[in-house]
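Each chain, written out:
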Amino acid sequence: MARKKIALIGAGMIGGTLAHLCASKGLGDVVLFDVIEGLPQGKALDLLEAGPIEGFDASIVGTNKYDDIQGADVCIVTAGLPRKPGMSRDDLLSVNTKIMNDVATNIRNRAPNAFVIVITNPLDAMVTAMKRITGFPKQRVVGQAGILDSSRYRTFVAMELGVSVQSVSAMVLGGHGDDMVPVRSYCQVGGVPVAKLIPAARLDAIEARVRQAGGEIVNLLKTSAFYSPAHAAIQMAEAYLYDRKQVLPCAALLEGEYGVNGFYVGVPVIIGGGGVERVVEIELTAVERQALDVSVSHVRELVEAAQKFLPTA
Ligand code: TXD
């Protein structure tokens, strides 16, 4: 049986980390694509030369030719510009929408059966463009944001209480912008609701930090986070490749769920061998519901603004 083929579109900070994770976890043969000559080839060769030490033996190819992604089983897309200090995710809209148009067209033509995970920002608009241009079923086009945002929430709660991150479960829903919604009523520490362990004012501060956590890293690094988004996308790819049926917060196309129709929004979904197999609807408090509505209206504005950078349907 042939190995699975994983195409990574974009060989920058996240793309390179994705390649490293795919290789070390043995997820499949890796094709690393970028428009910059030498960049994907150099990273692929460097990784290949680490293979004998770690024992990973998959093929790792760097390329500037889309023909090499032919027949990929999974495509993870990071192509585009990242934020610089002072920029919002939305500032990337025009340039990254045009890039997404090109990437999506090539995925549609060469990897028509792939499960596609979009990471490029502004995430909700980019995954919408990917869905529209590929025309793939909604089960096979999904955006990564919620796993990372939830992981940040879990990190900060664990730091606050001095407990293992493994004891903290949490969910951040909505768009991947500063109005994302950390859902306090579903955050638990060893099964105990977080509100019983941390005073409300501290939780307010922790949730504010979660919303700004991407910017906090940009200010330190002068570019976006890359380890954590890569780990998050790999969790999604593994859930698909191993049919895990894992409940994960991801940007999924809603068609009536949560009262939203026709937009990608971060919600809990089940990812398995069928891709995004189901959207899980959870009950929210009135405050959380209102925050989700605000976040969704922002997603709607962004998606509409992105239209002018796409070819007319
Ligand atoms: O959780 C999330 N969704 C995110 C998203 C968290 C952090 C960062 N996130 C976004 O991912 C970030 O704002 C960017 O939009 C993407 C990729 O971030 P990365 O840090 O990997 O950016 P790099 O290092 O600049 O890499 C992007 C690569 C770079 O090598 C470019 O040459 C390439 O994309 N690129 C292209 N590849 C293919 N095709 C085209 N047209 C193209 N244009 C640029």
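Residues numbered from 1 in each chain as written. Predicted model: local features only at pLDDT ≥ 70, side-chain atom pairs only at ≥ 80, totals over all residues. Heavy atoms only, no water.

Here's the deal with the environment of Met 100
Position of Met 100 among the secondary structure elements: in helix α3 (residues 93-110). Judged by relative accessible area, which is 0%, Met 100 ranks as buried. Taking the C-alpha atoms as reference, Met 100 lies 8.8 Å from Val 77; in sequence the two are 23 residues apart. Contacts of Met 100, omitting those with residues within four sequence positions, involve Val 77, Ala 79, Val 118, Thr 120, Met 126, Ala 129 and Met 130. (Helix = DSSP H or I, 4+ residues; strand = E, 2+ residues; numbered from the N terminus. Buried < 20%, exposed > 50% of the residue type's maximum accessible area, 1.4 Å probe, protein only. Contact = heavy atoms within 4.5 Å.)

Observations concerning the site of the ligand
Around the ligand, the structure places 26 residues, and the nearest of them are Met 13, Ile 14, Asp 34, Leu 81 and Gln 144. Separating an oxygen atom of the ligand from a backbone N or O atom of Asn 121 is a distance of 3.2 Å. One nitrogen or oxygen atom from the main chain of Gln 144 is found 2.9 Å from a nitrogen atom belonging to the ligand. The site holding the ligand turns out to be the largest pocket. Among the secondary structure elements, those contributing two or more residues to the shell around the ligand are α1 (13-25) and α3. (Near = heavy atom within 4 Å. Polar contact = N/O pair within 3.5 Å; in protein donor to acceptor, adjacent residues only side chain to side chain. 1 Å grid on protein atoms, 1.4 Å probe; cavity = no way out; pocket = protein on both sides within 12 Å on 5 of 7 lines; lining within 4 Å. Sits in = over half its atoms within 2 Å of the grid points.)

Quick word on α3
The first and last C-alpha atoms of α3 sit 25 Å apart over 18 residues, in line with the 26 Å expected at 1.5 Å per residue. Along α3, the residues classified as buried are Leu 93, Asn 96, Thr 97, Met 100, Val 103, Ala 104, Asn 106, Ile 107 and Arg 110. Those residues of α3 that are buried lie in contact with β1 (5-9), β4 (74-77), β5 (115-118), α4 (123-134) and α9 (286-307). (Expected span 1.5 Å × (residues − 1).)

What about the sheet that holds strand β7 (residues 168-169)?
Taking strand neighbours across the sheet as the criterion, the three strands line up as β7-β10-β11 in an open arrangement whose pairing is antiparallel. Of all the strands in the sheet, just β7 and β11 (192-193) have a single pairing partner and so form its edges. In the sheet, β7 pairs with strand β10 (residues 188-189) via two bridges, with the strands oriented antiparallel. Counterpart to Val 168 in the pairing with β10 is Val 189. (Pairing = 2+ DSSP bridges.)

Section: the pairing of β1
Within β1, four of the five residues are buried, which leaves it mostly tucked inside the rest of the structure. With five bridges connecting them, β1 and strand β2 (residues 29-33) associate as parallel partners. If you follow Ile 6 over to β2, its bridge partner there is Val 30. Taken together, β1, α1 and β2 constitute a β-α-β crossover, and its handedness is right-handed. Sheet topology places β1 next to β4; four bridges connect them, and they run parallel. Counterpart to Ile 6 in the pairing with β4 is Val 74. (Right-handed = clockwise from strand over helix to strand, strands pointing away.)

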